[in-house]
Protein chains: 2
Amino acid sequence: MQNIPDYIAQHKQRFLNELIALLKIPSISADPAFSKDVLNTAKAVKTALETAGCDLVEIHETAGYPIVYGEKIINTKLPTVLVYGHYDVQPPDPLDLWNSPPFEPVIQKTELHPEGAIFARGACDDKGQMYMHVKAMELMVNTHQLPCNVKFMVEGEEEVGSNNLAIYVAENKEKLANDIILISDTGMIANDVPSITTGLRGLSYVEVEVTGPNRDLHSGLYGGAVANPINILTKMIASLHDEDNHITVPGFYDKVEELSTEERAEMAKAPFSLAAYQKALDIEAVYGEKGYSTNERNSIRPTLDVNGIWGGYTGEGAKTVIASKAYAKISMRLVPNQDWEEITELFKTHFESIAPKGVTVRVTPHHGGQGYVTPIDTIGYKAASKAFETTFGKKPIPQRSGGSIPIVSLFEQELGSKTILMGFGLDSDAIHSPNEHFGVWNYLKGIETIPYFYQYFTEMNKG
Amino acid sequence: MQNIPDYIAQHKQRFLNELIALLKIPSISADPAFSKDVLNTAKAVKTALETAGCDLVEIHETAGYPIVYGEKIINTKLPTVLVYGHYDVQPPDPLDLWNSPPFEPVIQKTELHPEGAIFARGACDDKGQMYMHVKAMELMVNTHQLPCNVKFMVEGEEEVGSNNLAIYVAENKEKLANDIILISDTGMIANDVPSITTGLRGLSYVEVEVTGPNRDLHSGLYGGAVANPINILTKMIASLHDEDNHITVPGFYDKVEELSTEERAEMAKAPFSLAAYQKALDIEAVYGEKGYSTNERNSIRPTLDVNGIWGGYTGEGAKTVIASKAYAKISMRLVPNQDWEEITELFKTHFESIAPKGVTVRVTPHHGGQGYVTPIDTIGYKAASKAFETTFGKKPIPQRSGGSIPIVSLFEQELGSKTILMGFGLDSDAIHSPNEHFGVWNYLKGIETIPYFYQYFTEMNKG
């Protein structure tokens, strides 16, 4: 392909300005208070797709936030790439840990991003990575090098479970028909160690509520005589892991895929420094399931983590109260073959069964999704690998990710096509955390790499 | 004494109106946002003491909220009663569980209060019970029946640990010199089962903080590979009780007073219905230390309860985050002979020692106080018992309370005098809870009973 670096160099500042404008809209899907902003972000994405050269762009209403669909069909005989991304973002709290306001993007140099990184909620996850595809398409269209058909599907509920996208996909199989799905919502190992995500973990997210007495009580008059919902909740949660940090929910591991010694040895080759890992997080030691390495614990092994807990008096000063209720949000990361709905049921049954008399327990399933694996012997993977090799100068490493994009396995099931996870972010970009950022170099590198995927994928389909 | 019922009948409405006016001021000492209101409440108490007939009333500034001191010395040869109470109240949250706004008092009938009860934060604890003493003094002065000297000491920091009162008492021993201390900040068994509190539990209140990674992390990328501060906190708290609900902090029970079989048998005589207790709290079963009855668990045995816990994402929807920090407020109720500072130290040492590698733990002592026991063979107890017998028509039962008034043991230590805990509230009055209330009958019964204590105590001192 020609003129790609020139085009990027020429339009670099505009590419950045457009992304920054998008990042200024606080599209927090989890918080109803921001619904107007989420809707405005959908409109902004629609406009961006039109400007980039889509012939048709539609905003599809759903029971929740709308899905923006765009397409450019140049020849029905040519293959079709379906790009998926999301325009919603995670809540930014805790706000006090941000060095600059989450929705007032600033560009600053970091150790890993000497050319600067854009700091803002959504910079990497996923506005920045989604927008790379919009700009890559603009580039291919304006330089008359678009080799195949393109479809875009950008949703606004990824951070809250993509429930309505699932319905939309099931109802629009024909419209969404494609040969390969392309997603940039994952990361790579390092700027000089390109990698492609070949596996994702599934997810089961639940909320639990423990109720004791029918009202808050004075801890002096009732302390020691009634079940304290907070103490009980801590006992129940603590019992979910044994001393080796295995999860104790009966049946939890029954379908877990056990990797061969060879596969684990292969994985272990990925560059990793435990010292650097601990230093980056400022922890004295790692912690996890006995018998597995850190990289295995957060990729090929399932987990159970409390994402939030609350109950009783959490304000200033002291209050000697026994709360009537205590709550926790708990998520389980699942590996291929574990069915998230089955795991959710196993958890619910177990958690309710371990509640002592004197409290009542309610488990409310939140959302979830299946794990996913991309075979590396497919045309899609080979085209992506070659694209990375072209722009990075080295072959990317296939890598299992610990994260989840629940919708991916559903795409395969509903649309019958595989997904390529071309991520350009770094684990250190602090997605879902304060000071989320995305390297300017990574953003532009993505825009540069994506067109080659289109080219190689189209060529490989012919041959 | 004469005309007591007449005087009360004649001024009943005014007594209620004055208390209601006091209850309207949100004197929440734990929350700095209400400091103006707390200060205004002190002024209101000063005015009330002057109106009631004190010859001298002063507002003593402290490092925190002021102490209102009042006195009426009729004859230095006569005994002196020091009345202690507090004008600050607990935070009212959770607000949504109140049937009427906590600082807009309303009078409503209840099953236990057929003549109506005043619903408001502080109605019983302690504005209502403190104000009984102010009105009882007014009654004795206006009917020319005050038999001895009176001193009032009303503070505004009881709900946050009384730290400044301790200093004030130590510095004003002469001014506060007295023969007996009278406090109404406890309850009685029932309106037809009068009781006097002869024991109080001590208290140690701490806040704990568990820190893992230096920032919030994406639970997919890091889940299972690093210590999750919330999971760790639940494990640490859960480990503080064994399967018999004994507290596991080494040394915790070393000084606990073990009651004789006889004493326990005596205690067991107090009327108590487990079924009614469970029904009132809407719980299927009680829960507590093995080998002890419900009444023993919340009076003669020490306890450890989590009063509040928080960490991670607690907002709407779901956030797949591993929090950097998790927190809990923990209080321990102590029994006589347990030293609260020693227990606090034992807890701190133990809790820090059980933290696994990968997290750091900080324990911050909040406040505390010693337990207390009033011997029933003292003049003070006998005078109180006879006063109850006069107005209730039956001898009150001596009862150990599970609550704490840390300052009581300090009074004995600094002022060398015993304290009589004449409480007129009921356990069901929901102090520290939503819908706190105080029976109108109980309020007036207190005003009627208190003067007899003054009379009998003065007589018994002579003879």
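Here the structure is a predicted model, which means the values were calculated and not measured. Every residue gets a number counted from 1 within its own chain, in the order that chain's sequence is written. Chain A is the first chain written and ligand 1 is the first ligand written, with later ones labelled in order. Confidence filtering applies because this is a predicted model: local features only for residues at pLDDT of at least 70, side-chain atom pairs given and counted only at 80 or more, and all residues used for totals across whole chains, interfaces and linings. Excluding hydrogens and water, the side-chain figures rest on all heavy atoms present in the structure.

Before going further, it helps to examine the overall build of chain A. Secondary structure elements are defined from DSSP: runs of H or I of at least 4 residues count as helices, runs of E of at least 2 residues count as strands, and each element is numbered from the N terminus. Secondary structure assignment for chain A yields 13 helices and 20 strands. What the globule rule says is 2.2 Å times the number of residues to the power 0.38, and the radius of gyration is computed from C-alpha atoms. Relative to a compact globule of 463 residues, whose C-alpha radius of gyration would be 23 Å, chain A shows 23 Å and is just as compact. Summarising its shape, the C-alpha atoms of chain A cover approximately 80 × 50 × 45 Å along the three principal directions. Accessible area is worked out with a 1.4 Å probe on protein chains only. A residue is then buried under 20% of its type maximum, exposed over 50%, and partly exposed in between. Within chain A, the fraction of its 463 residues that count as buried is 62%.

It is worth spelling out the UniProt feature "domain: Peptidase M20 dimerisation" (unreviewed entry) in chain A at this point. UniProt positions are given in the numbering used here, feature names are shortened, and annotations may be inferred rather than shown by experiment. In the numbering used here, UniProt assigns the feature "domain: Peptidase M20 dimerisation" (unreviewed entry) to residues 199-358 of chain A. Between the C-alpha atoms that bound residues 199-358 of chain A the distance is 43 Å, and the span itself is 29% helix and 22% strand.

All names here are of chain A. Domain start and stop positions are those given by an automatic or database domain assignment. By the assigned domains, chain A splits into domain 1 (4-200 + 371-462) and domain 2 (202-256 + 302-369). For domain 1 versus domain 2, the distance between C-alpha centres works out to 35 Å. Note on contacts: a residue pair qualifies if any of its non-hydrogen atoms lie within 4.5 Å across the two residues. Counting residues at the interface gives twelve residues for domain 1 and seven residues for domain 2. Counting the surface lost from both domain 1 and domain 2, the interface buries some 680 Å², and carbon and sulfur atoms represent 56% of this. The term salt bridge refers to a pairing of a side-chain nitrogen on Lys or Arg with a carboxyl oxygen on Asp or Glu at a separation within 4 Å. One can count zero salt bridges joining domain 1 with domain 2. Polar contacts, as used here, are pairs of N or O atoms within 3.5 Å; protein pairs need one atom able to donate a hydrogen and one able to accept it. Residues neighboring in sequence count only if both atoms are side-chain atoms. Applying the counting criterion to the domain 1 and domain 2 interface returns two residue pairs in polar contact (both at pLDDT 80 or more). The nonpolar class holds Ala, Val, Leu, Ile, Met, Phe, Trp, Tyr, Cys and Pro. Asp, Glu, Lys and Arg form the charged class, and all remaining residues, Gly among them, are polar. Each residue belonging to the side of domain 1 that touches domain 2 can be placed in one class, and the counts come to five nonpolar, six polar and one charged. When two parts are brought into contact, each loses some accessible area as probed by a 1.4 Å sphere; the total of that loss over both is the buried area.

The next point concerns the relation of the copies chain B and chain A. In screw terms, the move from chain B to chain A is a rotation of 180° and a rise of 0.0 Å along the axis, fitting with an RMSD of 0.1 Å. Both chain copies can therefore be described as sitting about a two-fold axis. A residue counts toward the fit only if its pLDDT is at least 70 in both copies, and the copies are then superposed by least squares on the C-alpha atoms of those residues.

Here we take up the packing of helix α3 (residues 127-142) of chain B against helix α13 (residues 440-462) of chain B. Residues and elements named next belong to chain B. Between α3 and α13, the least distance of the axes is 8 Å, while the angle of their chain directions is 55°. It follows from the interaxial angle that α3 and α13 lie oblique. When you trace α3 past α13, the crossing you get is right-handed. In this structure, α3 contributes Gly128, Tyr131, Met132, His133, Lys135, Ala136, Leu139 and Met140 to the contact, and α13 contributes Asn442, Tyr443, Gly446, Ile447, Ile450, Pro451 and Tyr454. The class makeup of the residues in the contact of α3 with α13 is ten nonpolar, four polar and one charged. Between N-to-C directions, angles span 0 to 180 degrees; the directions come from axes that are lines fitted to C-alpha atoms, helices contributing only their stretch in contact. Oblique is the label for every angle not falling under 35 degrees (roughly parallel), over 145 degrees (roughly antiparallel), or within 65 to 115 degrees (roughly perpendicular). Here is the rule for handedness: rotate from the far helix to the near one, and if that takes an anticlockwise turn smaller than a right angle the crossing is left-handed, while a clockwise turn gives right-handed.

Residues and elements named next belong to chain A. Interaxial distance between helix α1 (residues 4-23) and helix α3 (residues 127-142) falls to 10 Å at its minimum, and their mutual angle equals 140°. Taken as axis vectors, α1 and α3 run oblique relative to one another. As for how α1 packs across α3, the hand of that crossing is right-handed. Here Ile4, Tyr7, Ile8, Arg14, Phe15, Glu18, Leu19, Leu22 and Leu23 of α1 come into contact with α3, specifically with Lys127, Gly128, Met130, Tyr131, Lys135, Glu138, Leu139 and Asn142. Broken down by class, the residue content of the contact of α1 with α3 amounts to ten nonpolar, two polar and five charged.

On to the nonpolar core, then. Here the nonpolar core consists of buried residues drawn from Ala, Val, Leu, Ile, Met, Phe, Trp, Tyr and Cys, with membership extended through side-chain atoms lying within 4.5 Å. With 76 residues, the main nonpolar core has Val81, Tyr87, Leu182, Met422, Tyr443, Phe453 and Tyr454 of chain B as its most contacted residues. Broken down by element, this core gets its largest block of residues, ten residues, from α13 of chain B. Not counting residues within four places of it along the chain, the set of residues in contact with tyrosine 443 of chain B comprises Phe15, Leu16, Leu19, Gly128, Tyr131, Met132, Lys135 and Phe438 of chain B. Ile8, Ile283, Phe438 and Tyr443 of chain A belong to the second-largest nonpolar core, a separate cluster that totals 74 residues.

Taken together, the contacts link 89 residues of chain B with 89 residues of chain A. Scanning the region where chain B abuts chain A turns up zero salt bridges. Put simply, chain B and chain A have 48 residue pairs in polar contact (both at pLDDT 80 or more) between them. The biggest single contributor to the side of chain B that touches chain A is strand β12 (residues 303-312) of chain B, with ten residues. Of the pairings in the sheet, the one linking strand β12 (residues 303-312) of chain A to β12 of chain B comprises five bridges and is antiparallel in character. If you follow glycine 311 of chain A over to β12 of chain B, its bridge partner there is isoleucine 309 of chain B. Only strands that DSSP links by at least two bridges are regarded as paired with each other.

With that settled, consider helix α1 (residues 4-23) of chain B. All names here are of chain B. Of all bends in α1, the biggest is about 60°, found at histidine 11. Listed in full, the buried residues belonging to α1 are Ile4, Tyr7, Ile8, His11, Phe15, Leu16, Leu19, Ile20, Leu22 and Leu23. Where α1 is buried, its residues contact α2 (35-52), β4 (106-108), β5 (117-119), α3 and α13. Bend is computed residue by residue as the angle between axes fitted to the seven residues ending at the residue and the seven residues starting at it.

We call Phe, Tyr and Trp rings a pair once their centres come within 6.5 Å, taking the six-membered ring for Trp, and we label the pair stacked below 30 degrees between planes, edge-to-face above 60, and tilted otherwise. Considering all chains together, one arrives at 30 aromatic pairs over all chains under this definition. Seen from their ring centres, tyrosine 84 of chain A and phenylalanine 411 of chain A are 5.4 Å apart, and the 70° between their planes marks the pair as edge-to-face. Of this pair, tyrosine 84 of chain A sits in strand β3 (residues 80-86) while phenylalanine 411 of chain A sits in helix α12 (residues 407-415), and the two are 327 residues apart along the sequence. Across this residue pair, the class does not change: tyrosine 84 of chain A and phenylalanine 411 of chain A are buried. With 5.1 Å between their ring centres and 15° between their planes, phenylalanine 388 of chain A and phenylalanine 424 of chain A make a pair best called stacked. Taken together, the positions of phenylalanine 388 of chain A in helix α11 (residues 379-392) and phenylalanine 424 of chain A in the loop between β18 (419-421) and β19 (425-426) put the pair 36 residues apart, joining distant regions of the chain. Linked through ring pairs, Phe388, Phe392, Phe424 and Trp441 of chain A together constitute an aromatic cluster. Only when the NZ atom of a Lys or the CZ atom of an Arg is both within 6 Å of the ring centre and within 35 degrees of the ring normal do we say a charge sits over the ring. If you follow lysine 175 of chain B out to its NZ or CZ, it ends over the ring of tyrosine 69 of chain B, 4.5 Å from the centre. The side chain of lysine 445 of chain B reaches across the aromatic face of phenylalanine 392 of chain B, ending 5.6 Å from its centre.

Right, let's talk about the sheet that holds strand β14 (residues 325-334) of chain A for a bit. As summarised here, the arrangement of the eight strands in space is β15(A)-β10(A)-β14(A)-β12(A)-β12(B)-β14(B)-β10(B)-β15(B), forming an open sheet in which the pairing is antiparallel. Looking along the sheet, the strands with just one partner apiece sit at the ends: β15 (360-369) of chain A together with β15 (360-369) of chain B. Adjacent strand axes in the sheet meet at a mean angle of 20°, parallel and antiparallel pairs treated alike. Pairing analysis gives ten bridges linking strand β10 (residues 202-211) of chain B to strand β14 (residues 325-334) of chain B, with the strands arranged antiparallel. Bridge pairing links valine 210 of chain B to alanine 326 of chain B in β14 of chain B.

Residue and element names in this part refer to chain B. Under the definition given, this model contains 42 salt bridges over all chains. Taking the shortest distance from any N to any O, the salt bridge between glutamate 352 and lysine 348 comes out at 2.9 Å. Taken together, the residues glutamate 352 and lysine 348, both in helix α10 (residues 340-353) and four residues apart, mark about one turn of the helix. Taking relative accessible area as the criterion, glutamate 352 reaches 32% and is therefore assigned partly exposed.

Our next topic: the state of the cysteines. Note on terminology: a disulfide is the covalent bond linking the sulfur atoms of two cysteines. Only a pair of cysteine sulfur atoms within 2.5 Å counts as a disulfide in this structure description. Evaluated as defined, the whole model comprises zero disulfides over all chains. Among the cysteines around cysteine 54 of chain B, which has no disulfide bond, cysteine 148 of chain B carries the closest sulfur, lying 12 Å off.

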